[in-house]
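Notes for the structure review
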Amino acid sequence: AEIEDILRDALRDDGLRLLYQPQINVNTGKIDEFEALLRLKNRNLSPAKFIEVAEMSGLIIDIGRWVTKEAIRQMAEWRDKGYPVKPVAINFSGKQLNDREYISFLHDTLQEYQIDPRYVEIEITESILVEETENTLTFLNELKAMGLRIAMDDFGTGYSSINYLTFIPVNKIKLDKSLCEKFINLDNSVMCSLIGLMHSLNLIITAEGIEETYQYYRLKEGGCDLIQGYLFSKPLASQDIENVYNYNF
Ligand code: G
Ligand code: G
Ligand code: MN
Ligand code: NA
């Protein structure tokens with residue numbers, strides 16, 4: 001079937017699910033937060049591919065709302081089972097910036113599950129943030145005013161200027177895998193300087209796609225705050241997260 005039909009069916013028939021990938025605090029070895037990653041339940045379709053189709057077909061609006069609600073519902077489930085609440089990051093597509101009712105939907109969902117907005121983080125790619133329009137800034141400022149956190153995803157894959165970091169309301173930068181690999185092979189003063197600059201703008205730094213122990217040590221020396229990657233954990237089903245929730249890596 002066409003991917004668009006598969007997605008439409010999945011939305012209707014409970015065919016979507018979220019995996020969660022831990023972000024480990026380099027100083028404590030504990031999980032500080034999670035990133036939610038969308039999957040189709042019964043199919044092995046690449047998320048990058050079906051997200052693209054979702055964006056082109058407009059289905060991303062309903063899918064984005066499903067992701068938001070499911071992540072918040074899961075946070076409440078973990079809390080009700082006695083796990084301490086930890087932030088969950090949700091990936092947000094540029095198209096969703098046109099969902100005028102999203103903010104009120106989010107507000108109602110947080111109310112329904114009694115989750116504090118500061119535990120929800122919205123990840124938006126560097127390239128979308130940099131195409132910043134009046135609309136984008138208004139949307140982000142509304143999220144910020146509600147108390148949500150905002151992360152700039154895939155940093156280092158586009159053309160971001162440090163300038164943007166001074167006025168786009170972001171709390172966190174996610175260094176893309178490719179940028180981390182480049183920096184790890186340079187003199188560590190480069191990474192220390194970049195991260196130092198970001199820290200002076202009050203940004204938290206997550207390094208993504210970390211698979212090797214030596215990369216972890218280099219990033220720790222460079223002042224990075226959080227590490228996300230297969231070295232610690234692949235994206236896991238919610239039941240498997242319960243086995244590592246309070247783990248010390
Ligand atoms: O899970 P994986 O790393 O394969 O994801 C591939 C791409 O799909 C990444 O760019 C990721 O940000 C994106 N992605 C995963 N889940 C979601 C989601 O719920 N919404 C959006 N918009 N993108 C997602
Ligand atoms: O674009 P975004 O950063 O949201 O996408 C994250 C993607 O990276 C997810 O699809 C996730 O499955 C993938 N990922 C997470 N950790 C690793 C890793 O250590 N190595 C690789 N190759 N991919 C990873
Ligand atoms: Mn992401
Ligand atoms: Na990324």
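Above this note sits the structure.
So, a few notes on the structure that sits alongside this text. None of these values were measured; they are calculated from a predicted model. (Residues numbered from 1 in each chain as written. Chains lettered and ligands numbered in written order. Predicted model: local features only at pLDDT ≥ 70, side-chain atom pairs only at ≥ 80, totals over all residues.)

What follows is about the overall build of the protein chain. Helix and strand content of the protein chain: 11 helices and eight strands. Out of the 249 residues in the protein chain, the part that is buried amounts to 35%. Restricting the contact set of the protein chain to residue pairs at least 6 apart, pairs at least 24 apart contribute 68%. (Helix = DSSP H or I, 4+ residues; strand = E, 2+ residues; numbered from the N terminus. Buried ≥ 20, exposed ≤ 12 C-beta atoms within 10 Å, placed from the backbone. Contact = placed C-beta atoms within 7 Å.)

We now examine the site of ligand 1. Close contacts around ligand 1 come from L37, L38, P47, A48, I51, V67, N91, F92 and S93, and that covers them all. Listed by contribution, the elements that provide at least two residues to the shell around ligand 1 are β2 (31-40), α2 (47-57) and β3 (88-92). It is α2 that contributes the most residues to the shell around ligand 1, three residues altogether. The residue makeup of the shell around ligand 1, split by class, is seven nonpolar, two polar and no charged. (Near = placed C-beta within 6 Å. Nonpolar A, V, L, I, M, F, W, Y, C, P; charged D, E, K, R; others polar.)

Moving on to the sheet that holds strand β1 (residues 16-25). The eight strands lie next to each other as β1-β2-β3-β4-β5-β6-β7-β8, forming a closed barrel whose pairing is mixed. Taken pair by pair, the neighbouring strands of this sheet meet at an average axis angle of 30°, ignoring direction. Bridge count for strand β5 (residues 149-155) against strand β6 (residues 172-175) is three bridges, and the pairing is parallel. The partner of M152 across the bridge, within β6, is I173. Of the strands in this sheet, β5, β6 and β7 (204-208) touch helix α8 (residues 177-184), which is tilted by about 90° from β7. (Pairing = 2+ DSSP bridges. Axes fitted to C-alpha atoms, helices over the stretch in contact; angles between N-to-C directions.)

Around ligand 2, a shell composed of 13 residues is seen, among which N91, G209, E211, G229 and Y230 lie nearest. Considering only residue class, the shell around ligand 2 consists of five nonpolar, four polar and four charged.

As a further point, take the pairing of β5. Taken across its seven residues, β5 has seven buried, putting it largely inside the fold. Where strand β4 (residues 120-125) and β5 come together, five bridges link them in parallel fashion. The residue of β5 that forms the bridge with E121 is R149. With helix α7 (residues 162-167) bridging β5 and its parallel neighbour β6, the resulting β-α-β unit is right-handed. (Right-handed = clockwise from strand over helix to strand, strands pointing away.)

Bringing the packing of helix α3 (residues 60-80) against helix α4 (residues 102-113) into the picture now. Here α3 crosses α4 at 20°, and the two axes come no closer than 9 Å. By the angle class used here, α3 and α4 are roughly parallel. The two elements α3 and α4 cross, and the hand of that crossing is right-handed. Residue-level inspection shows R65, T68, K69, I72, R73 and A76 of α3 in contact with α4, the latter providing F105, L106, T109, L110 and Y113. Residue composition of the contact of α3 with α4, by class: six nonpolar, two polar and three charged. (Parallel < 35°, antiparallel > 145°, perpendicular 65-115°, else oblique. Left-handed = near helix turned anticlockwise from the far one by under 90°.)

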